[in-house]
Amino acid sequence: LDSEDVDFIANRASSEDANYPNIAMGSMLLREKLFIHAPVNARGATTGAAVAVCNQSGLILPSDTDPEAIEQICAVMGGGLAANAKSRARTSQVAVMVDPAASLYTTAANWLSPLLVNDSLEQMCAVGTTFDVYGMSDLFHSKFPDRKVTLFLETFYLSEAERRRVDARYKRSGKTSIWLWPLGIIGEEGISLENGSQVTGQKLRIETTEVNLRARVAEANDPCTWGMHIGSSIGIDQPASPSITINDKVSTRLGANSDNKTNFAVRRSEHWTSVAVATAGLPSSVLRNIIKDAGCHLFVARPEEGRLIQADARTVAVTSVRGGTVTISLPGPHEVRDGWTGTPLTRETSDISVRLNPGQVALFEIRAIPKPRKESVPKDAGE
């Protein structure tokens, strides 16, 4: 991506109803490279168009796409929304970090990598908030943005420079970090629990024997586990070695493995929060709890109604899996137009409700209404 010879990348969607680009979109935007999104087939054209619009991407449509759909999509992408591209700043409050080289550090890459990355991104789409995907090397980019929550996927290896960067970026300003197995336990000198303890801020223990990665909830009254029952399980039902347990007295024990050793815990300090999850396949319900507790905005609070495709400062798109009414919560009062037709819907609202058929995509153009300025009163003014 850093090569001057690369101007754009075109890539096919991962599935017909994929709600996110099959690329580290945050990395593309940092480098001001154009991404061109290609739906799998004509049935995914509308969803693909919404993905492209909300991610400021290009679009390649299949040759058998319905002509009326092509005409509508061209009008949207070449009309007002395209003209407003400069004002459509990213509003994501969550960053998802991936490592393209992660599969080099495990013999279980055939099943583990898709679970850690693909499944986690699918779960993030069901959370109801916006997120951007970055590569680990982006931590050193001069324009890498601050985010309230950062989810670290497949973080097997971290160099000493990356560990220092993590300390500087995430252990301050009320930020929350979520670390999935294997919690960064590999460094220049090999596997060491000190490596994982440094980045997570929690004391870890490495178990060399193969232990099931599944975690059973041990605390249901913590914000991270709201709505869950003690004994309910999260993560993959799969043995792995090495397994990791958390042995930190100042952390809150949230879950345990089959040996009743802590493998899911949160440490809340004065300036930052660290969630250590020594398993793979964290469900959207837990992710939503953590993200909501960190103060992030949820556009879709009820995932059973629909799923957020993406949003920025000027657009928001949702889809419904089963069909029905989907309610979108906006971060403050906005003027709203139908993104497909340009029809004005309301001059001021903080909520949008739309009824959709299964698989149907709603696209809205939004414009934030500025707060009225408070008139200042001179100190020497009389009654």
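Residues numbered from 1 in each chain as written. Predicted model: local features only at pLDDT ≥ 70, side-chain atom pairs only at ≥ 80, totals over all residues. Heavy atoms only, no water.

**Re empty space enclosed by the protein**
Let me state the cut-off plainly: Cavities and pockets were defined on a 1 Å grid built over protein atoms only: a cavity is a set of grid points that admits a 1.4 Å probe from which the probe cannot escape, a pocket is an open set flanked by protein on both sides within 12 Å along at least five of seven lines, and lining residues are those with an atom within 4 Å of any such point. Grid points are joined across faces, edges and corners, and a volume is the space filled by probe spheres set on the points. Labels follow the DSSP assignment, with helices taken as runs of H or I lasting at least four residues and strands as runs of E lasting at least two, numbered in each case from the N terminus.
All told, the structure shown has five cavities of 30 Å³ or more when counted by the stated rule. What lines the largest cavity is N19, Y20, P21, I23, M25, N55, F131, D132, V133, I309 and Q310. Among the secondary structure elements, those contributing two or more residues to the lining of the largest cavity are β5 (131–135) and β19 (307–311). Here the lining of the largest cavity takes three residues from β5, the largest share from any one element.

**Topic: the nonpolar core**
Across soluble globular proteins, nonpolar side chains have a tendency to be buried as a group. Rules: Only buried residues count toward a nonpolar core. Its members are Ala, Val, Leu, Ile, Met, Phe, Trp, Tyr and Cys residues joined through side-chain atoms within 4.5 Å. Exposure is judged per residue with a 1.4 Å probe applied to protein chains only, and the accessible area is read against the type maximum: over 50% gives exposed, under 20% gives buried, and values in between give partly exposed.
Ranked by internal contacts, the top residues of the largest apolar core, which has 34 residues, are M124 and I178. Counting residues in hydrophobic clusters, the runner-up holds 32 residues, among them L115, M136, V199 and L204.

**Structural notes on helix α3 (residues 67–78)**
Keep this limit in mind: Between the first and last residue of a helix there are one fewer steps than residues, each counted as 1.5 Å, and that sum is the expected span. Here, the arc refers to the directions that run from the helix axis to the C-beta atoms. Under the rule applied, a polar contact is a pair of N or O atoms within 3.5 Å (in protein, one hydrogen donor and one hydrogen acceptor; residues adjacent in sequence only if both atoms are side-chain atoms).
Along its 12 residues, α3 runs 16 Å from first to last C-alpha, staying within 8% of the 16 Å computed at 1.5 Å per residue. By the burial criterion, the buried members of α3 are A69, I73 and V76. The arc that holds every buried residue of α3, seen down its axis, measures 60°, which confines them to one face. Summarising the geometry of α3, the exposed residues directed more than 90 degrees from the buried face are P67, E68, E71 and G78. You can read the cap of α3 off the contacts: a side-chain oxygen lies 3.1 Å from the backbone nitrogen of E68, and it is on D66.

**A short note on the packing of aromatic side chains**
We count it as follows: Each Phe, Tyr or Trp ring, with Trp reduced to its six-membered ring, pairs with another whose centre is within 6.5 Å; inter-plane angles below 30 degrees give stacked pairs, above 60 give edge-to-face pairs, and intermediate values give tilted ones.
The final tally for this structure, using the stated rule, is five aromatic pairs. Ring plane angle 10° and centroid distance 5.4 Å describe the contact between Y105 and Y157, whose orientation is recorded as stacked. Here Y157 lies in the loop between β6 (149–152) and α6 (160–170) and Y105 lies in the loop between β4 (94–98) and α5 (109–125), a separation of 52 residues in the sequence. For Y105, a relative accessible area of 34% translates into the label partly exposed.

**Quick word on the sheet that holds β4**
Which entries qualify depends on this criterion: Each pair of strands is called paired provided DSSP finds at least two bridges between the two strands.
With mixed pairing, the nine strands of this open sheet are ordered in space as β5-β4-β6-β7-β18-β17-β16-β12-β13. Where the open sheet ends on each side, the last strands, each with one partner, are β5 and β13 (233–234).

**Quick look at the pattern of salt bridges**
To keep things clear, this is the line we draw: We define a salt bridge as a side-chain nitrogen of Lys or Arg found within 4 Å of a carboxyl oxygen belonging to Asp or Glu.
Tallied over the entire structure, the rule returns 17 salt bridges. The shortest N-O distance in the salt bridge between E16 and R43 comes to 3.1 Å. One end of the pair, E16, is in the loop between β1 (8–12) and α1 (25–30); the other, R43, is in the loop between β2 (34–38) and α2 (45–54), and 27 residues separate them in sequence. Judged by its relative accessible area of 33%, E16 falls in the partly exposed class.

**Points about unusual backbone geometry**
Of the consecutive residues W181 and P182, the connecting peptide bond is found in the cis state with omega at 15°. Mapped onto the secondary structure, P182 falls in the loop between β7 (175–180) and β8 (186–187). Following S241, the chain continues into P242 via a peptide bond in cis, with omega recorded as 0°. Of note in this structure, E32 is not a glycine but carries a positive phi near 55°. Mapped onto the elements, E32 comes out in the loop between α1 and β2.

**Overview of the layout of surface pockets**
Under the convention used in this document: Classification convention: Asp, Glu, Lys, Arg as charged; Ala, Val, Leu, Ile, Met, Phe, Trp, Tyr, Cys, Pro as nonpolar; all other residues, Gly among them, as polar.
Here the largest pocket is characterised by a volume of approximately 380 Å³. As for the largest pocket, its lining consists of 22 residues, and the residues nearest its centre are N22, I23, A24, V98 and V133. When contributions to the lining of the largest pocket are tallied by element, the ones reaching two or more residues are α5 and β5. Take the lining of the largest pocket: its biggest share by element is four residues, from α5. Within the lining of the largest pocket, the residues separate by chemical class into 11 nonpolar, seven polar and four charged.

**Here we look at the confidence of the model for the protein**
Stated precisely, the cut-off is as follows: pLDDT is a residue-level measure of predictor confidence that goes from 0 to 100.
Scored by pLDDT, the protein has a mean of 90; 94% of the residues are at 70 or more. When mean pLDDT is compared element by element in the protein, strand β17 (residues 262–268) scores highest at 97, while helix α4 (residues 80–83) scores lowest at 64.

**Concerning the sheet that holds β2**
The three strands lie next to each other as β1-β2-β3, forming an open sheet whose pairing is parallel. Among the strands making up the open sheet, the edge pair consists of β1 and β3 (58–59).

**Re the environment of D2**
With respect to the helices and strands, D2 occurs in the segment before β1. We classify D2 as exposed; its relative accessible area is 61%. For the pair D2 and S27, spaced 25 residues apart in sequence, the C-alpha to C-alpha distance is 9.6 Å. At a separation of 2.6 Å, a polar atom in the side chain of D2 contacts the side chain of R31.

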